[in-house]
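Listed below, chain by chain, are the residues.
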Amino acid sequence: MAENGEEKLLAVARHIAKTLGHNDNMADDILQIFSNFDGRFSREKMADDDRRNSAALELTLKKLERQISQYVAADQPIWSDSVDAAAFLEAIDDLIATIREWSPMAGDKSVGACLIRAEDLMQQTMFRLEDEFRTLVERGGESLELSRAFRSESNGNLSFDDDEDDEDEDGVIGGDGEEEHEIPTAQPITDYDIIIDALPSGTINELHEIAKRMVAAGFGKECSHVYSSCRREFLEESLSRLGLQKLSIDEVQKMPWQDLEDEIERWIKAANVSLRILFPSERRLVDRVFYGLSAADLAFMEVCRGSTIQILNFTDAVAIGSRSPERLFKVLDVFETMRDLMPEFDALFSNQYCLFLRNEGVTIWKRLGEAIRGIFMELENLISRDPAKTQVPGGGLHPITRYVMNYLRAACRSRQTLEQVFEDNAGVPPHQSKVDDRASSSSMSVQMAWIMELLESNLEAKSKIYRDSALCYVFMMNNGRYIVQKIKDSELGSLLGDDWIRKHSAKVRQYQVNYQRSSWNKVVGVLKLESGSLAPNVAVKSMKEKLKLFNIYFDEICKNQTNWVIFDELLRDELRTSLTKILLPAYQSFVGRFQNVPEIGRHDKYIKYDPEDIEARINGLFQGNRGSGGGRK
């Protein structure tokens with residue numbers, strides 16, 4: 001111990017001399033000064049010590065070269081034999097310790113030369129250790145080939161494949177003759193809260209021992225890189241087998257919509273499996289392989305970065321793509337998937353190396369919310385810009401009414417998500433104060449009310465292209481009734497509220513009153529007799545003229561309005577009943593008085609309709625062309 005301590009003291013003195021001296025002569029002068037205080041620092045003593053130290057290092061180095069070279073040059077994997085693996089690791093430990101011990105004496109030329117040889121040997125050793133590390137990872141991955149284990153079920157869930165046909169050498173763990181392990185099996189799952197051991201436990205332990213030596217030798221990054229390259233390939237293959245293609249943002253945006261819909265379904269499955277099963281399993285694996293080592297976080301980032309970016313790039317392409325309204329429902333699916341996976345992003349990607357992945361995930365998720373709001377803006381534009389050019393035959397339902405109402409009803413199935421999206425939107429929409437004065441209105445209810453207002457304004461503009469005012473009111477009656485009924489029996493009703501429904505139901509009733517006034521008032525008015533006394537001949541002539549006009553007006557209205565449309569059967573019956581109650585008593589009263597005038601003579605040639613005929617003609621109204629706006633869906 002004393003001798004070893006003296007060697008270290010001499011080494012330190014030599015190191016000080018080399019550090020302070022700008023050349024060999026200055027260093028020798030400094031050592032000469034030291035020798036004046038202690039004879040052990042004399043030139044002769046130092047020379048003897050250098051030769052002795054150099055000889056000892058040379059002897060140790062030759063021994064290590066013999067031990068290590070046989071393994072470095074071996075054709076077979078070293079870890080195929082546990083005895084060889086243990087001996088190789090022990091030799092590496094000795095080499096690391098030797099370099100550390102002798103590095104303070106590197107100033108000595110002969111020791112320095114030996115250390116250069118030792119570093120070269122260490123480099124060769126690390127190259128071979130990398131190869132062994134890679135072989136172990138790849139061999140372990142083949143024995144538990146998870147990408148084969150995953151398969152897609154028809155119900156969209158996942159299970160592990162346990163087909164007997166797949167029992168082959170890929171199920172072997174370890175070398176030849178070792179025990180075989182079957183791939184673990186499970187029923188189709190919807191709960192992703194599982195962790196899979198991607199490598200056998202024995203292999204993990206062996207990898208950990210290698211990783212410790214590589215990190216100790218200063219090759220931690222190299223170890224991380226070789227590990228991540230192997231596991232990265234596994235993840236990429238797993239995503240491929242789950243059906244997720246490697247697509248650029250440009251390729252996604254150029255996809256036909258039907259193809260993109262299918263790709264989104266595959267993306268949802270792959271994203272859930274990746275963030276809930278594969279990535280947590282990789283985190284667990286990397287923590288075991290690099291237990292206690294600083295390389296773990298870096299290795300995990302390098303393993304998952306490519307697959308995570310692939311998942312996020314697809315999401316981003318969907319977010320920045322077309323704002324066409326029909327895309328809403330698939331974009332909602334992507335948004336909800338990302339929202340539900342945010343806890344996984346937080347848990348997995350919180351360290352310094354992975355934080356950028358977590359932040360990118362949050363950014364793209366927010367961008368999806370912007371896309372959803374943009375789609376609703378495009379829907380608003382579609383409604384506002386829909387031209388009032390072509391009449392709907394018979395005043396029936398306009399296609400835009402059916403489209404918008406069915407669209408909103410379908411959208412409200414995702415009410416919770418949409419409320420989150422609209423609440424996240426900073427600021428108050430400029431149209432909010434115009435739509436609803438209730439301070440408690442949610443952003444989504446304001447949005448729905450605004451769309452209803454736009455639709456109503458558009459329909460009013462379209463109604464003006466009908467020249468017949470009565471048909472204009474029929475058109476508004478049909479579309480208004482359809483809107484109210486679609487709202488009452490869906491989530492839209494709770495969003496817009498009872499007051500909104502009552503207000504617009506009253507509008508529909510007013511359209512009905514306006515229709516009756518504009519179409520039938522003149523018919524009923526003809527049947528009114530002048531008050532006061534008229535000369536008999538004047539009264540007879542007036543009644544004949546009125547009855548003639550009634551027949552003309554009634555025939556004209558019935559001829560025209562038979563082809564008009566009232567799509568709702570209940571509304572149609574209500575309207576016919578109302579017309580019968582208005583017209584039939586007035587007609588019967590007029591005809592009764594007419595028949596009691598003796599001066600008229602034969603009445604048959606003036607009375608064209610019996611009361612039953614009037615009622616039958618009214619019941620024949622609004623038959624319409626059932627294939628053109630008359631059907632209700």
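Residues numbered from 1 in each chain as written. Predicted model: local features only at pLDDT ≥ 70, side-chain atom pairs only at ≥ 80, totals over all residues. Heavy atoms only, no water.

## Here's the deal with the overall build of the chain
Across its full length, the chain carries 24 helices and 2 strands. Counting only residues that meet the buried cut, the chain has 48% of its 633 residues in that class. A separation of at least 24 residues holds for 78% of the contacts in the chain among residues at least 6 apart in sequence. Roughly 31600 Å² of accessible area belongs to the chain as shown, and the carbon and sulfur atoms make up 48% of that amount. (Helix = DSSP H or I, 4+ residues; strand = E, 2+ residues; numbered from the N terminus. Buried < 20%, exposed > 50% of the residue type's maximum accessible area, 1.4 Å probe, protein only. Contact = heavy atoms within 4.5 Å. Areas by Shrake-Rupley, 256 points an atom, 1.4 Å probe, with all protein chains shown as cover.)

## Let's talk about unusual backbone geometry
At Phe 622, a residue that is not glycine, the phi angle is positive and equals roughly 60 degrees. In this fold, Phe 622 is placed in the loop between helix 23 (611–619) and helix 24 (626–630). On the basis of relative accessibility, which here comes to 1%, the residue Phe 622 falls in the buried class.

## A look at a negative patch on the surface
A cluster of acidic residues, Asp 610, Glu 612, Asp 613 and Glu 615, forms a negative patch at the surface. For Glu 615, the location among the structural elements is in helix 23. Its relative accessible area of 36% is what places Glu 615 among the partly exposed residues. (Patch = residues over 30% accessible without salt bridge, like charges linked within 9 Å, V, L, I, M, F, W, Y side chains within 5 Å. Salt bridge = Lys/Arg side-chain N within 4 Å of Asp/Glu carboxyl O. Lys, Arg positive; Asp, Glu negative; His and termini not counted. Charge placed at Lys NZ, Arg CZ, Asp CG, Glu CD.)

## Brief notes about the packing of helix 10 (residues 257–289) against helix 12 (residues 328–348)
Remark: helix 10 packs on helix 12, axes separated minimally by 11 Å, with the N-to-C direction vectors making an angle of 10 degrees. Judged by the inter-axis angle, helix 10 sits roughly parallel to helix 12. Helix 12 is crossed by helix 10, and the crossing has left-handed handedness. For the contact of helix 10 with helix 12, the per-class residue count stands at 13 nonpolar, 2 polar and 8 charged. (Axes fitted to C-alpha atoms, helices over the stretch in contact; angles between N-to-C directions. Parallel < 35°, antiparallel > 145°, perpendicular 65-115°, else oblique. Left-handed = near helix turned anticlockwise from the far one by under 90°. Nonpolar A, V, L, I, M, F, W, Y, C, P; charged D, E, K, R; others polar.)

## Some points on helix 14 (residues 399–411)
For helix 14, spanning 13 residues, the distance from its first C-alpha to its last is 18 Å, which sits close to the expected 18 Å at 1.5 Å a residue. Burial in helix 14 covers these residues: Ile 400, Thr 401, Val 404, Met 405, Tyr 407, Leu 408, Ala 410 and Ala 411. The inward-facing, buried residues of helix 14 contact helix 12, helix 13 (355–385), helix 15 (415–424), helix 17 (443–463), helix 18 (469–488) and helix 19 (491–496). (Expected span 1.5 Å × (residues − 1).)

## Some thoughts on the pattern of salt bridges
Scanning the entire structure with this criterion turns up 30 salt bridges. Across the pair Asp 568 and Arg 481 runs a salt bridge, and its minimum N-O distance is 3.2 Å. One end of the pair, Asp 568, is in the loop between helix 21 (536–561) and helix 22 (569–595); the other, Arg 481, is in helix 18, and 87 residues separate them in sequence. Like Arg 481, Asp 568 is buried. Linked by salt bridges that have partners in common, Glu 58, Lys 62, Glu 65 and Arg 117 make up one network.

## Details of the confidence of the model for the chain
Averaged over all residues, the pLDDT of the chain is 82; the fraction at 70 or higher stands at 77%. The model gives residues 146–189 a pLDDT under 50, and that stretch makes 75 contacts with residues more than four places away or in other chains. In the model, residues 626–632 has pLDDT below 50 throughout and makes 17 contacts with residues more than four positions away in sequence or in other chains. (pLDDT = per-residue confidence, 0-100.)

## Things to note about the packing of helix 12 against helix 13
How two helices sit against one another is set out by the angle between their axes and by the gap between those axes. Relative to each other, helix 12 and helix 13 sit at 155 degrees, their axes nearing to 10 Å. It follows that helix 12 is roughly antiparallel to helix 13 by the angle criterion. Crossing of helix 12 over helix 13 shows left-handed handedness. Every residue of helix 13 that contacts helix 12 at Leu 328, Val 331, Leu 332, Val 334, Phe 335, Met 338, Arg 339, Met 342, Phe 345 and Asp 346 is listed here: Leu 357, Arg 358, Gly 361, Val 362, Trp 365, Leu 368, Gly 369, Ala 371, Ile 372, Ile 375 and Phe 376. Partitioned by chemical class, the residues of the contact of helix 12 with helix 13 number 16 nonpolar, 2 polar and 3 charged.

## A word on the environment of Thr 60
Within the secondary structure layout, Thr 60 lies in helix 3 (residues 43–72). Using a relative accessible area of 31% as the deciding quantity, one classes Thr 60 as partly exposed. On a C-alpha basis, the gap between Thr 60 and Cys 114 in space is 10.0 Å, while along the polypeptide they are 54 residues apart.

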